[in-house]
Amino acid sequence: LVTITRLIYTVGKTEQWKAPILTELDIDNISHKLHDDPEIIQMASRDYGHIVHEFPLAVFRPSSIDDIATLIKSSYNSFAPFGIAARGQGHSTHGQAMARDGVVVDMANLRKQRNGVAISVSKDPLMGHYADVGGEQLWIDVLHTTLKHGLAPVSWTDYLYLTVGGTLSNAGISGQSFRYGPQISNVHEMDVITGKGEFVTCSSQKNLELFHAVLGGLGQFGVIARARIALEPAPKRVKWVRLLYSDFFAFTKDQERLISINGRKQKNALDFLEGMLLMNQGPINNWRSSFFPLSDHPRISSLITEHSILYCLEVAKYYDEQTEINVDKEIQVLLQGLAYIPGFYYEKNVSYVEFLNRVRSGELKLQSQGLWDVPHPWLNLFIPKSQILDFNSRVFKDIVLKRNISSGPVLVYPTNRNKWDDRMSASIPDEEVFYTVGFLHSSGFDTWKAYDAQNSEILEFCRDAGIKVKQYLPNHSTQEDWTNHFGAKWIKFLERKHQFDPRMILSPGQKIFHKQL
Ligand code: FAD
C-alpha cells in the first residue's frame, strides 16, 4: 500500500504541463480507497478456479467511475506504472482478474455504491429499446430491471451472477448465441476508461477501434464503465426439451440442422440450443440442472452403461399469451425427423426467469454443502465443425473415458460464425459453424491437478492431430500461445494495446503482456 500510495503522490507532484496531472484533491479522494488488510488482499488473490493465486499490493474500492479513471491515470503517469485489474465477480478460473504486485479494482464496491441507479431502460427511433448498464452490474439485475418494462436482452450466459464488464471482455455465450450472437454482438455503445485513464464513449460509429478492441478484449484496452445493451420484448414462458442420443453423428447432425434456422425475426426458429454428455462418471442430474424424472434414472443409467456416453440435445422455445396456442405445434415441427432414441424425450414448461436463472438453484445447493468454493479446473474450447467427429472419438471416447475422472457437466453445442463480428477482439475458429465444448470440472483441493493433466492432454492431442481449437476464457502463458490464439488478429491486438494501454497496465492476470513499459 505504501508503495502504491507513494507512486500516486509522486504523480501528483509531477508537473508535465502547467498543472499537475493529479490534484491534491484527486489524490486524497482515491488514496483512502486503497486497502491492504490481509482479508481483502486474500479475496483479490482468489477466483472461482482456486488454482492461481496472485497477490496485489492493494485493493481499490471505487465509489465512482471517476475514481477508476484517477487510479489508472496515476499508474499511467507514474515513473513505475503498476498493473490494474478490474475484478467483476472473480468468476474467472485462472487468475485473469488478478494483479500481482498491482491494484485490483473491486467492481462489487462500485455496484454497491450505484445500487439501483446503474441500469436504465430507454428507446431510440433507430436502435429500438436498450438498457444502459454499468460494467460492474450483474446480468441477473439487468434481467430483473428490464423485465419491469416488459423487455430483456436476447443473448445470455448460462449463469447470471456474472458482471456485464466481465462477460463482454470474453464474449458471453450460451444457447441463444446461434441465433442472436454472443453478448458482444448485442452492444450498441460503451463508455470505457482506457489504459491512459481517458474516459471515451465508443460505438461502431464513434471511436470504433476502441469499441471493437474492448469487446472480447480480455480487459486489455480499458475498463467498461457502461454498456448499452439491445433489448427486445421479453417472453413470459419457455418450453424446454431434452432428447437423448447414443450416436454422436446423429446428435451433431440434428444440432446443426436446428441452428440453420437462425434469423433473429424468424418465428419458426428455436430460441435456445445446447447439448451435453451423460456419462457414468457423474450423476444423471448434475448441479447445473435437474431435469430427468427420478423414475427414469434406472433406464437412462442402463443406456449409459451400454453406450458409455449419451448425448443430450437441449432446446427451448419461448412463448407468451399470444403465442401459447402455437408453441407445441412449432416445437413438434422443428423436432420432426430428429434421430434421438425413441422414448427418450423430456420436456418442461417453466417461466422465462426460471429458465434463464436455471443454474442458480444448483449453486445455492452446492454453497450450502460447501462445494461451491472448490477448485474448478475448467477447459472451454471452440472447435471447427469439420473436426468435431474426430474430437468425439479421440477426446470424449478415448481420453475422457480412459482417465475416468470427469466430474461436472461437459457441454457440446454448435453456433454460427456469421453472428459474430470479426472486427472484435474475440478469437474464434474460421469455419461457418463451430462448436463450444466446455469441461466444467469441480474437484477437491488436492485433486485438481489430475483434471489439469487431462486438460493438457486434450490440448496436446488437438495440437498434434491438427484440430484447430481455440480456447474460450483462454488460459495461456507464453507469447507463442497468445500469438497462436489470436492468429491473424494478433498484429491488430498488439497495435490496439499500444494505442489504448501503451504502458501495459490493464488486466495483467491474463498474462498476455509481461512487461510494463
Ligand atoms: P472476472 O472474472 O472478474 O473478470 C474477467 C476478466 O474481465 C478479467 O480480465 C477482468 O480484469 C476483466 N474485467 C472485469 N470487469 C471488467 C470491466 N468492467 N471492464 C473491463 N474488463 C473487466 N461464460 C460464458 O460466456 N457463458 C456461460 O454460460 C458462462 N457460465 C458460467 C458459469 C459459471 C458458474 C461461472 C463461474 C462462469 C461462467 N462463465 C460463462 C464465465 C464468465 O463469463 C467469466 O468468468 C467472465 O470472466 C465473467 O466473470 P466476472 O464478471 O466474474 O469477471
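Q: Any chance you could explain the overall build of the chain here in plain terms?
A: Within the chain, the secondary structure is distributed over 18 helices and 19 strands. Its C-alpha atoms give the chain a radius of gyration of 23 Å, near enough to 24 Å, the size a compact globule of 517 residues would have. A principal-axis box enclosing the C-alpha atoms of the chain has dimensions of 80 × 55 × 45 Å. For the chain, the proportion of its 517 residues judged to be buried stands at 46%. Put simply, of all contacts in the chain between residues at least 6 apart along the chain, 74% involve residues at least 24 apart.

Q: Got a minute to help me understand the domain arrangement of the chain in this structure?
A: Interface extent is often summarised as the accessible area lost during association of the parts. In terms of domains, the chain is made up of domain 1 (2-112 + 497-510), domain 2 (113-233) and domain 3 (237-472). At the level of secondary structure, the elements contributing two or more residues to the side of domain 1 that touches domain 2 comprise helix 4 (65-76), strand 3 (84-87), helix 5 (107-113) and helix 18 (490-500). It is helix 4 that contributes the most residues to the side of domain 1 that touches domain 2, 6 residues altogether. Looking at the side of domain 1 that touches domain 2 residue by residue, the class counts come to 13 nonpolar, 7 polar and 6 charged.

Q: Sorry, what's going on with unusual backbone geometry here?
A: Both trends apply: most residues other than glycine have a negative phi, and most peptide bonds are in trans. One non-glycine residue, Asn404, adopts positive backbone phi at about 50 degrees. Among the secondary structure elements, Asn404 is positioned in the loop between helix 15 (388-403) and strand 17 (410-416). By C-beta crowding, Asn404 is classed as exposed, having 10 other C-beta atoms within 10 Å.

Q: Looking at this model, I keep getting lost on the site of the ligand. Mind explaining?
A: Taken together, 35 residues form the shell around the ligand, and within it Gly88, Gln89, Gly135, Gly165 and Gly166 come nearest. Elements supplying a minimum of two residues to the shell around the ligand: strand 3, helix 7 (164-168) and strand 10 (222-230). Partitioned by chemical class, the residues of the shell around the ligand number 13 nonpolar, 20 polar and 2 charged. Both domains that furnish three or more residues to the shell around the ligand are identified here as domain 1 (2-112 + 497-510) and domain 2 (113-233).

Q: Sorry if this is basic, but what is going on with the sheet that holds strand 3 here?
A: In a beta sheet, neighbouring strands are held together by backbone hydrogen bonds and run either parallel or antiparallel to one another. With respect to topology, 4 strands assemble into an open sheet ordered 1-2-4-3, the strand pairing being mixed. Edge positions in the sheet fall to strand 1 (34-35) and strand 3, since each of these pairs with one other strand and no more. One ladder, built from 4 bridges, connects strand 3 with strand 4 (residues 103-106); its direction is parallel. Residue pairing across strands places Ile84 opposite Val103, the latter belonging to strand 4.

Q: Can you help me understand the nonpolar core in this one?
A: Within soluble globular proteins, side chains that are nonpolar tend to cluster in buried spots. Core analysis: the biggest nonpolar cluster contains 121 residues, and Ile84, Val103, Val104, Val105, Val192, Val214 and Ile383 have the highest contact counts within it. Here this core gets 8 residues from one element, more than from any other, and that element is strand 14 (residues 309-319). Leave out the neighbours within four places in its chain, and Ile383 touches Ile388, Phe391, Pro429, Phe434, Tyr435, Val437, Ile467 and Val469. If you look at the next biggest cluster of nonpolar residues, it comprises 6 residues, including Leu218, Phe493, Ile512 and Phe513.

Q: Looking at this model, I keep getting lost on helix 10 (residues 248-259). Mind explaining?
A: Residues separated by three or four positions in an α-helix point in the same direction, a consequence of the helix having 3.6 residues per turn. Over its 12 residues, helix 10 runs 16 Å from end to end, which matches the ideal 16 Å to within 8%, given 1.5 Å per residue. At its buried positions, helix 10 is contacted by helix 8 (177-180), strand 12 (237-245), strand 13 (272-279), strand 14, helix 15 and strand 17.

Q: Quick question: what am I supposed to make of the pairing of strand 17 here?
A: Looking along a regular strand, one sees the side chains alternate between the two faces of the sheet. Across the 7 residues that make up strand 17, a large majority, 6, are buried. Sheet analysis places strand 17 next to strand 18 (residues 433-439), joined by 7 bridges and oriented antiparallel. When the sheet's bridge partners are listed, Leu411 is paired in strand 18 with Gly438.

Q: Sorry if this is basic, but what is going on with the packing of helix 15 against helix 16 (residues 448-465) here?
A: What describes two packed helices is the angle between their axes and the distance between those same axes. Two elements in contact, helix 15 and helix 16, have axes whose closest approach is 11 Å; the angle formed by their N-to-C orientations is 150 degrees. In this view, helix 15 runs roughly antiparallel relative to helix 16, as classed from their interaxial angle. Considering the relative orientation of helix 15 and helix 16, their crossing is right-handed. Residue-level inspection shows Asp390, Arg394, Val395, Ile399 and Arg403 of helix 15 in contact with helix 16, the latter providing Gln454, Glu457, Ile458, Phe461 and Ala465.

Q: I keep staring at the sheet that holds strand 9 (residues 199-203) and nothing clicks. Help me out?
A: Read from one edge of the open sheet, 5 strands run 5-6-10-8-9, paired in antiparallel fashion. The strands lining the two open edges of the sheet, one partner per strand, are strand 5 (119-124) and strand 9. Between one strand axis and the next, the sheet turns through 20 degrees on average, direction left out of account. Across 6 bridges, strand 5 lies against strand 6 (residues 128-134) in antiparallel orientation.

Q: Help me out: how do you make sense of the packing of helix 2 (residues 24-31) against helix 4 in this one?
A: Between helix 2 and helix 4, the shortest axis-to-axis distance is 10 Å and the interhelical angle comes to 105 degrees. By the criterion of interaxial angle, the relationship of helix 2 to helix 4 is roughly perpendicular. Residue-level contacts link Asp26, Asn29 and Ile30 of helix 2 to Asp67, Thr70 and Leu71 of helix 4. Classifying every residue of the contact of helix 2 with helix 4 by side-chain character gives 2 nonpolar, 2 polar and 2 charged.

Q: What should I look at first to understand the environment of Leu440 in this one?
A: Relative to the helices and strands, Leu440 resides in the loop between strand 18 and helix 16. With near-sequence residues (within four places) excluded, Leu440 lies in contact with Trp378, Gly408, Pro409 and Leu411.

Q: Sorry, what's going on with the environment of Val117 here?
A: Tracing the backbone shows Val117 in the loop between helix 5 and strand 5. Spatially, the C-alpha atoms of Val117 and Pro474 are 33 Å apart, while their sequence positions differ by 357 residues.

Q: Help me out: how do you make sense of the environment of His441 in this one?
A: One can find His441 in the loop between strand 18 and helix 16. Separated by 70 residues in the primary sequence, His441 and Leu371 place their C-alpha atoms 12 Å from one another.

Rules used throughout
- Residues numbered from 1 in each chain as written.
- Predicted model: local features only at pLDDT ≥ 70, side-chain atom pairs only at ≥ 80, totals over all residues.
- Helix = DSSP H or I, 4+ residues; strand = E, 2+ residues; numbered from the N terminus.
- Rg over C-alpha atoms; globule rule 2.2 N^0.38 Å.
- Buried ≥ 20, exposed ≤ 12 C-beta atoms within 10 Å, placed from the backbone.
- Contact = placed C-beta atoms within 7 Å.
- Domains from an automatic or database assignment.
- Nonpolar A, V, L, I, M, F, W, Y, C, P; charged D, E, K, R; others polar.
- Near = placed C-beta within 6 Å.
- Pairing = 2+ DSSP bridges.
- Core = buried A, V, L, I, M, F, W, Y, C linked by C-beta atoms within 7 Å.
- Expected span 1.5 Å × (residues − 1).
- Axes fitted to C-alpha atoms, helices over the stretch in contact; angles between N-to-C directions.
- Parallel < 35°, antiparallel > 145°, perpendicular 65-115°, else oblique.
- Left-handed = near helix turned anticlockwise from the far one by under 90°.

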